[in-house]
Amino acid sequence: MDISTTLNTAKIIIAIDGYSSCGKSTLAKQVAKEKNYLYIDTGAMYRAVALYALRNGFISQDNFNQKALIDSLTKIKVSFSHNSELNCSETYLNGENIEKEIRGITISNHVSKIAQVKEVRAKLVEIQREIGAEKGLVMDGRDIGTVVFPNAELKIFMTAHYKIRAQRRFDELQAIGDDITFEEVLNNIVSRDNDDTSRSENPLIQAEDAIVIDNSEITQGEQLKLVLGHVNNKLSH
Ligand code: DC
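Basis of the calculations
Residues numbered from 1 in each chain as written. Predicted model: local features only at pLDDT ≥ 70, side-chain atom pairs only at ≥ 80, totals over all residues. Heavy atoms only, no water. Near = heavy atom within 4 Å. Polar contact = N/O pair within 3.5 Å; in protein donor to acceptor, adjacent residues only side chain to side chain. Areas by Shrake-Rupley, 256 points an atom, 1.4 Å probe, with all protein chains shown as cover. Helix = DSSP H or I, 4+ residues; strand = E, 2+ residues; numbered from the N terminus. Nonpolar A, V, L, I, M, F, W, Y, C, P; charged D, E, K, R; others polar. Pairing = 2+ DSSP bridges. Contact = heavy atoms within 4.5 Å. Axes fitted to C-alpha atoms, helices over the stretch in contact; angles between N-to-C directions.

Attention now moves to the site of the ligand. Neighbouring residues of the ligand: 15 residues in total, closest Arg47, Arg121, Asp143, Arg192 and Arg199. Thr42 places a polar side-chain atom, nitrogen or oxygen, 3.0 Å from a nitrogen atom of the ligand. Arg192 has a polar side-chain atom sitting 2.7 Å from an oxygen atom of the ligand. In isolation the ligand exposes 450 Å². Once the protein is present, 94% of that is buried. Looking at the shell around the ligand, the elements with two or more residues in it are helix H3 (42–55), helix H5 (105–114) and helix H9 (182–198). When residues of the shell around the ligand are assigned to their parent elements, the largest contribution, four residues, is made by H3. Residues of the shell around the ligand, tallied by class, amount to four nonpolar, four polar and seven charged.

Structure, rendered in structure tokens:
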């Protein structure tokens with residue numbers, strides 16, 4: 001096989017980590033579309049487990065029965081399916097489409113606690129590695145470049161000022177009709193940043209070889225161009 005064919009068909013893993021609500025999934029979807037890669041939103045997987053825990057009464061405002069959740073992990077099946085009408089991937093919990101339900105503030109308020117459970121992480125990381133075995137993947141989350149795919153060919157670490165992130169999230173939630181104040185969204189972002197970076201299991205940290213993108217003051221188009229430049233650079237080496 002001639003070398004140019006090898007380069008053109010080579011597929012890589014693109015790991016996108018970063019803080020809550022800084023547009024990881026928007027960027028990841030755009031990159032996946034451009035390169036015809038699979039996109040996996042790992043936050044949705046933690047959100048799906050949080051929904052299961054809520055529905056089964058394992059977690060509430062004041063209580064969290066971790067043991068009951070851990071004992072039930074074998075009963076939880078999280079998967080993705082492509083919605084051809086909307087041309088996007090949607091999240092399923094035990095065969096039920098839960099894409100809309102997991103995006104609301106109720107799940108956002110509980111999911112950090114779920115993401116701290118070692119056994120939950122182990123289960124989801126295993127699924128994520130299986131999905132990525134063939135490469136040709138853009139995966140976003142908090143530990144993708146550090147734990148799930150430490151050998152990912154390209155690692156991006158995204159950040160933006162917390163007030164800008166809160167405003168973007170607030171706008172999104174309003175658009176889906178969530179009855180919420182800006183203050184609530186801001187508090188949720190601050191507390192999730194704190195939980196994500198301080199937990200003992202796979203905290204959010206920047207991989208040493210990650211490229212940092214602060215998108216507080218750049219447009220989505222500028223950001224995409226920048227990242228595609230890095231992707232194409234990796235693909236040509
Ligand atoms: O990206 P998101 O806001 O949908 O993620 C939901 C929660 O899941 C967030 O509080 C952090 C956690 N998470 C994680 O711990 N590890 C990941 N790989 C992805 C998300």
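After that view, the rundown keeps rolling.
Moving on: the sheet that holds strand E3 (residues 78–83). Taken together, three strands build an open sheet; the order of strands is E3-E4-E5 and the sheet is antiparallel. The two strands at the open ends of the sheet, each matched to only one other strand, are E3 and strand E5 (96–97). By the bridge criterion, two bridges tie strand E4 (residues 88–93) to E5 in an arrangement that is antiparallel. When the sheet's bridge partners are listed, Leu93 is paired in E5 with Glu96. Contacts from H3 reach E3, E4 and E5, with the element oriented near 30° to E4.

Treat this as a map of the structure, not an account of what it does.
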